[in-house]
Amino acid sequence: MAGKVTDNMMHPSMRLLFEWESISSDEMINLTKKCSHKMIMWLARIHSDNKTRENLLRVLGIKIGKFTTINAGIYIHDRPAEFLEIGERCAIADNVTFITSSHPNMSKLSEIPVIVDRYIEEGKIVIEDDAWIGSRAIIFPNVVVGRGAIVGAGAIVKESLPPHTVSCGQPAKIIRRLPNID
Ligand SMILES: CC(C)(COP(=O)(O)OP(=O)(O)OC[C@H]1O[C@@H](n2cnc3c(N)ncnc32)[C@H](O)[C@@H]1OP(=O)(O)O)[C@@H](O)C(=O)NCCC(=O)NCCS
């Protein structure tokens, strides 16, 4: 029939984006096999459904614990499977950026020794159980956000944060200590 879009005609990414409510988890995994890594990352970033976002991020190899919520707009700079681990019951607000890798791409800056030694870096980011990351926070390489720690909206986190603390600002500093939730 002219003009009718059938399942066969629809790109798998479009089915994941628009038909997620009627797709089983197994079918979802099968559909991702037909999508590039970049496409899956993009879908995970913009998808309207929390569960689907997390399934897509898990397909990329990111370790995400049970009952964790990851809101839309997550951005991960490179090699997410190796460099990002998120624990159980964590809350990641919208538009959080994980700078797992920092490199000026094709810029000639990458030929300058001081840039290579000081500014080009990559490293694993770990968000421990029950941590809560506020909207638009930016987390740098090699940072561990401790268990049950709160990171304020818009924080720039360059150093690891201890468990059961509240931090905010640019760069993030501890402003409060919280009761132990263990
Ligand atoms: C960080 C946060 C938890 C602190 O809450 P709080 O303990 O009630 O802190 P207060 O409002 O008493 O502020 C304490 C100080 O920190 C500053 N501050 C608070 N939040 C800040 C933030 N996000 N960035 C920068 N400074 C912040 C305040 O200006 C205040 O500074 P001062 O002592 O110089 O006056 C909260 O402000 C926040 O950012 N929550 C995240 C909200 C969010 O993103 N939710 C996502 C949707 S789920």
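Residues numbered from 1 in each chain as written. Predicted model: local features only at pLDDT ≥ 70, side-chain atom pairs only at ≥ 80, totals over all residues.

**Q** So what's going on with helix H4 (residues 50-59)? Residues and values would help.
**A** Every buried residue belonging to H4 is among Arg-53, Asn-55, Leu-56, Leu-57 and Val-59, and all of these are buried. On its buried face, H4 sits against helix H2 (25-32), helix H3 (37-46), strand E1 (63-64) and strand E2 (69-70). Note on H4: the residue one or two positions beyond its end, Gly-61, has a positive phi of about 95°. (Buried ≥ 20, exposed ≤ 12 C-beta atoms within 10 Å, placed from the backbone. Helix = DSSP H or I, 4+ residues; strand = E, 2+ residues; numbered from the N terminus. Contact = placed C-beta atoms within 7 Å.)

**Q** Could you give an account of the sheet that holds strand E6 (residues 97-98), with specific residues and numbers?
**A** Ordered in space as E3-E6-E11-E14, the four strands form an open sheet in which the pairing is parallel. Both outer strands of the open sheet, strand E3 (75-76) and strand E14 (156-157), are each paired with one neighbouring strand and no more. In terms of strand pairing, strand E11 (residues 138-139) meets E14 through two bridges, oriented parallel. Counted as the bridge partner of Ile-139 is Val-157 from E14. (Pairing = 2+ DSSP bridges.)

**Q** If you had to explain the domain arrangement of the protein to someone new, which residues and values would you point to?
**A** The domain boundaries assigned to the protein delineate domain 1 (10-60) and domain 2 (62-182). Computed over C-alpha atoms only, the centres of domain 1 and domain 2 are separated by 24 Å. Counting residues at the interface gives ten residues for domain 1, matched by ten residues for domain 2. Taken together, the elements giving at least two residues each to the side of domain 1 that touches domain 2 come down to H3 and H4. Per-class residue counts for the side of domain 1 that touches domain 2 are four nonpolar, two polar and four charged. (Domains from an automatic or database assignment. Nonpolar A, V, L, I, M, F, W, Y, C, P; charged D, E, K, R; others polar.)

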